[in-house]
Amino acid sequence: MNIGEIIQQGVVEGVKRLYGAVVSIDQVAISTTRKEFEGDYTVVTFPFARLAGKKPDEIAQELGEYLQREVHEIARFNVVKGFLNLVVSDHFWVRFLESMYQNPQYGQHPAKGEKVMVEYSSPNTNKPLHLGHIRNILLGWSSVQLLQAAGYEVVKVQIVNDRGIAICKSMLAWQLFANGETPEKAGIKSDHLVGKYYVLFEKRFQEEYKNWQQSEAGVQVYAQWQQNEKNLQKANKWVEDEQKKAAEKGNDVAVLELTPDRYFFKEVYKNTYFNEYSSLGKAAKEMLLRWEAGDPDTLALWRQMNNWVYQGFDATYAKLGVTFDKIYYESNTYLLGKDTVDKGLAQGVFYQKEDGSAWIDLTDAKLDHKLLLRSDGTSVYMTQDLGTAQMRYQDFGAKRMVYVVGDEQNYHFQVLFEILKRLGEPYADGLFHLSYGMVDLPTGKMKSREGTVVDADDLIEEVIREARVNSEERANISDLEKAEQEQIIWSIGLAALKFFILKVQPKKRMLFDPKESVDMQGQTGPYVQNAFVRIRSVMRKAAQEPQAASGNYETLESIERELLGQVYAFPSLVATAAEELDPSTIANFCYDLAKNYHRFYHDYSILNAETEGAKAFRLRLSEAIGHTLQFGMALLGIEMPEKM
RNA sequence: GGUCCCGUAGCUCAGCUGGAUAGAGCAGCUGACUUCUAAUCAGCAGGCCACAGGUUCGAAUCCUGUCGGGAUCACCA
């Protein structure tokens, strides 16, 4: 039983003894005491006022006396306006510290014997990873660590979208314009080479489209469309909105060509043009058909380009320090799920229209009807996801699955989970969509086709560069081996980046300011690392001393109690964070703990403490905090250097 | 239009299972390195917690509505 529960239990008994009233344990509101008052934990006595027929202050006083007498962990108490502040005995804290300060695994929960699968990253293979993937990857990796710490066995998977029109665009552009260029010849990272041709395809397509817009056919199509009053209104509204946006950002409205026909060609007609008129579009679609037909040359090109992309991805994953246990490829899974549809039809969960298409009616769950199989019998995205879920369950038997996917797919996953539930799948109740908000840039939304993305590799390079500059300025590690220096610089740079992204609640949309992301002071990863480095430095010095400090420590300083309270709360925080899959709580915890430690470190001497007892205590406290910080940051995928 | 998410300091974010005077960081201004690493610490300044109702002894937190921002609602993935 932890101290919070002991207090709650004591209050329940106290209320019963003193007032003859029965309250349940979860009716006892308990929180950590605010800094400005003396105490570790605070009991709110307002809810008992009616039961006891007394004023909160009186109750607090009487309960305080009772607890001090009956619960030996409680040393003293004070009452402020109905709040009962309890001081936990120094003995309790010292004993707690004894029990854990040498445990580097403090925070790890015992094995549950349950398996969880986590799917994350899940990129397309037509271009390199960007900032959005980084948020996904970091959230995924951190979720894996959290679940493991909570005692689950975790399987890490990703599903790679290696087929479809997007990769065909890259392939086609490479075929048409590359003259056999390879990553080696061009001297660029292999996934960036593929991305280069994807962008080139878009560029050429835009040129082609622009020409067509000025052709007779283009002019005519627009003329016809704008005859409809409503269409024109929409277009004008778009122009207005865009102008307003541009003005707010201080962009030059004149260069943006914000006219009604731009709206039409950009927002309305582009897909139709691509599908019906564009020669490039046509060629890409033909390539997709050849791929589906299994044409050997097309497949060979497809394999080559995909391999380039995988090589590049692997390098990026390695830099970020993440791994996968199994990779699924859509080229293998895109036909899956038809069995599931058959099963659903047989069960009467799905229904069929006259044209042969299969559907499910989810209107009673406020989710509308959903297509599961096209009338020609081919799969859609949903079909595929049903099949993959099934396949993964067969592969690993995990009754819980976590999908790390952006929040634009909230609806999709709501539907997917509802369907699996109705099919009565054994894992249906363990499905979780870890939904995260989009990453915005100060300049606006990221669009890969318009080149406004932040590339993952560039970003990592930038943050490492910044770490290097900072490190060289300080010269704290300049006497180390070059390789060791590099390792430290990498850990600092990555800490800055990872912490910056993970400290924000996943479901919130976040603004990514490149300048702030490379900050290494204040509420940042390196700040937390620095607290650890200070601890390690003290430990190294202490280890050199002839005899270990020992002796009793009588009265804890309030900052020491606060630190112990934080460390004490850590394991249950890990459990909650794992249950809610929210790494931000861990990031904020690590920051708060580091902040308090920095303050403690500044205000009190450890090695030159007043007494041997105080010294021994503070060394242990430091070691405990060191372990907690290291374990906590590892949950975020952040390493802690010995020196920095 | 339906559904879902978000709105807290100039900026980026905590706090949200209801509790005391709403917290950090950045940016701005002051100060502290002969001392265990100053990637640190201390201080100043900065708030109708979008708005309006409701529930409650008590609301940033729960409920309803309004406004603002975003996502989504394909025989695309």
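As a reminder, the structure under discussion sits directly above these lines.
Values in this document were obtained by computation on a predicted structure and should not be read as measured data. (Residues numbered from 1 in each chain as written. Chains lettered and ligands numbered in written order. Predicted model: local features only at pLDDT ≥ 70, side-chain atom pairs only at ≥ 80, totals over all residues. Heavy atoms only, no water.)

Asker: In this structure, what is going on with the protein's contact with RNA strand B? I would like to understand it.
Answerer: In the neighbourhood of RNA strand B, 65 residues make up the surrounding shell, with D355, R374, R534, S537 and Y604 lying closest. A breakdown of the atoms of RNA strand B within 4 Å of the protein gives sugar and phosphate a share of 63%. At 3.4 Å from a sugar or linking oxygen of RNA strand B is found a side-chain nitrogen or oxygen belonging to K541. A per-element tally of the surface near RNA strand B places helix α22 (residues 525–544) first, with eight residues. Partitioning the surface near RNA strand B into residue classes produces 25 nonpolar, 20 polar and 20 charged. (Near = heavy atom within 4 Å. Polar contact = N/O pair within 3.5 Å; in protein donor to acceptor, adjacent residues only side chain to side chain. Helix = DSSP H or I, 4+ residues; strand = E, 2+ residues; numbered from the N terminus. Nonpolar A, V, L, I, M, F, W, Y, C, P; charged D, E, K, R; others polar.)

Asker: Would you explain the sheet that holds strand β5 (residues 115–119) in this entry?
Answerer: Hydrogen bonding along the main chain pairs the strands of a sheet, whether they run parallel or antiparallel. If you trace the five strands from one edge of the open sheet to the other, you get β7-β6-β5-β11-β12, paired in parallel fashion. Only two strands of the sheet have a single partner each, and these edge strands are β7 (326–329) and β12 (431–436). The mean angle between the axes of side-by-side strands here comes to 25°, regardless of whether they run parallel or antiparallel. Bridge count for strand β11 (residues 400–406) against β12 is six bridges, and the pairing is parallel. From the neighbouring strand, G406 faces β12, where its bridge partner is Y436. Against the sheet, helix α5 (residues 131–149) touches β5, β6 (153–160), β11 and β12, its axis set at about 140° to β12. Contacting β11 and β12, helix α18 (residues 410–422) runs over the sheet at an angle of about 180° to β12. (Pairing = 2+ DSSP bridges. Axes fitted to C-alpha atoms, helices over the stretch in contact; angles between N-to-C directions. Contact = heavy atoms within 4.5 Å.)

Asker: Help me understand the side chain of Q145, please; the structure alone is not making it clear to me.
Answerer: Its place among the elements puts Q145 in helix α5. When neighbours within four sequence positions are excluded, Q145 is seen to be in contact with A634 and L635.

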